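# Coordinate analysis (summary)
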Amino acid sequence: MATISIALSGFACTPQSPSTHQAASTPQASPRLEGVPKVVATNTILCDLTKQIAAATVNLTCLVKPGADPHIYQATPEDRKAIEQANLVLYGGYNFEPTLIKLIQASSNSAPKVAVNELAVPKPQQFEEDGQTETDPHVWHNAQNGVRIAEVIRDNLANIAPNNATLYADNAKKVTGEISQIDSWIKTQINSIPQASRTLVTTHDALGYYSQAYNIPVAALEGISTEEKPTAAKVKELVGEIQEKKVPTIYAELSINPQVIQTVANEANVKVAEEEIYADGLGEAGSRGETYQKMLIANTKAIVEGLRGQFTPFQAK
């Protein structure tokens, strides 16, 4: 993975306020249905794919809202209650949502608790950071991994509601078929970016799987977790790389305050893309990243247009 993960003290990458990017922390629940299983999904990727596959056959509670940062999300009493009452708990794993994972693992509820991303991607990307081996939890940015995530969700829904197994299989087939088409489309889109400008600079190192799958080097201001804080010396290092590689555009992220990446852009004399990257989850309903598939498309559009590629809109077959 061609990444540069650097840290910065003086510029904390804090989440946005509730009025902008950081959503409130109350769980989102689907309309209550009688006599159907209660399912909890921790993050927005799992929540959306579960909605698409389960449709109206479960009571779904989503803990981390769109726009919030799972890395630093603080679990609430309502989260605990939802987990204790669930018939199935789906979480990402690989320490992506650490406070929720601790809550789930400490729960006395005997219902299945499934680390979806760990099952879907048993051999994750790993790299050395500050002398320690770190696992990258952002597996869904490779659309092929998204297919496997959907399949894990399908299978676990069928385990708790076997009468709906055919529906889940049909819905998952539709979802994974579209994701597979998007995967092929992303490859052609990234290939249109000139090699001279094909470097993706973001706030934190969340796009390693995208980098590897679609052949685009990534340079990030921070490591895989937004809990880290960068030092001014490292900002200077990233500025130098941007100037050396003549990167025309760099990217802010939806769930992280854009102040630091704007500082980098100002010093490097480049622009920050108007469209933010969905790095740690999806956008709100009605946004360009409101579903998993739309998120993949929106990120790719922003990257291709910002790095002087030839963008062609996605057309499902």
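Check the entry above for the structure.
Position numbers for residues count from 1 along each chain, tracking the sequence in the order it is written. In keeping with the model being predicted, local features are shown solely for residues with a pLDDT of at least 70 and side-chain atom pairs are shown and tallied solely at 80 or more, while totals for entire chains, interfaces and linings include all residues. Think of the side-chain values as coming from all heavy atoms in the structure, minus any hydrogens and water.

### Points about the overall build of the protein
- Numbering of helices and strands runs from the N terminus, with a helix taken as a DSSP run of H or I at least four residues long and a strand as a DSSP run of E at least two residues long. Per the secondary structure count, the protein includes 10 helices and 11 strands.
- Within the protein, buried positions represent 56% of all 317 residues.
- In this description, contact between two residues means that some pair of their heavy atoms is separated by no more than 4.5 Å. Contacts in the protein between residues at least 24 apart in sequence constitute 70% of all its contacts with a sequence separation of at least 6.
- When the accessible surface of the protein is summed, it comes to about 13,500 Å², and 48% of that surface belongs to carbon and sulfur atoms. Working definition: with a 1.4 Å probe on protein chains only, accessible area under 20% of the residue-type maximum means buried, over 50% means exposed, and in between means partly exposed. Each accessible area is a Shrake-Rupley estimate made with a 1.4 Å probe; only the visible protein chains count as cover when residues are assessed.

### Section: the pairing of strand β3 (residues 59-62)
- Residues N59 and T61 line one face of β3 and the alternating positions L60 and C62 line the opposite face, and both faces are buried.
- As paired strands, strand β2 (residues 38-41) and β3 are joined by 4 bridges and run parallel to one another. The residue bridging V39 from the neighbouring strand is L60, located in β3. Note on pairing: two strands pair once DSSP finds at least 2 bridges between them.

### Re the pairing of strand β7 (residues 132-135)
- The sheet contact formed by strand β6 (residues 126-129) and β7 spans 4 bridges and is antiparallel. Each residue of the ladder has a partner; that of E128, found in β7, is T133.
- With antiparallel pairing between neighbouring strands as the criterion, β6 and β7 make up a hairpin whose turn holds 2 residues, including D130 at a positive phi of roughly 55°.

### A closer look at the state of the cysteines
- Disulfide: a pair of cysteine sulfur atoms within 2.5 Å of each other. Taken as a whole and assessed by the stated rule, the structure comprises 1 disulfide.
- In this model C47 forms its disulfide with C62; the gap between the sulfur atoms is 1.7 Å. As the torsion about the S-S bond is roughly 55°, the C47-C62 disulfide counts as right-handed. Of this pair, C47 sits in helix α1 (residues 44-54) while C62 sits in strand β3, placing them 15 residues apart in sequence.
- Residue classification places C47 among the buried positions, given a relative accessible area of 6%.

### Some thoughts on the pattern of salt bridges
- Counted as salt bridges are all cases of a side-chain nitrogen of Lys or Arg within 4 Å of a carboxyl oxygen of Asp or Glu. Evaluation of the coordinates by the stated rule reveals 6 salt bridges.
- With a shortest N-O distance of 3.0 Å, K245 and E241 are connected by a salt bridge. With a gap of 4 residues between them, K245 and E241 both fall in helix α8 (residues 232-245), about one helical turn apart.
- Between K294 and E290 there is a salt bridge, with its nearest N and O atoms 2.5 Å apart.
- When its relative accessible area of 26% is taken as the criterion, E290 is described as partly exposed.

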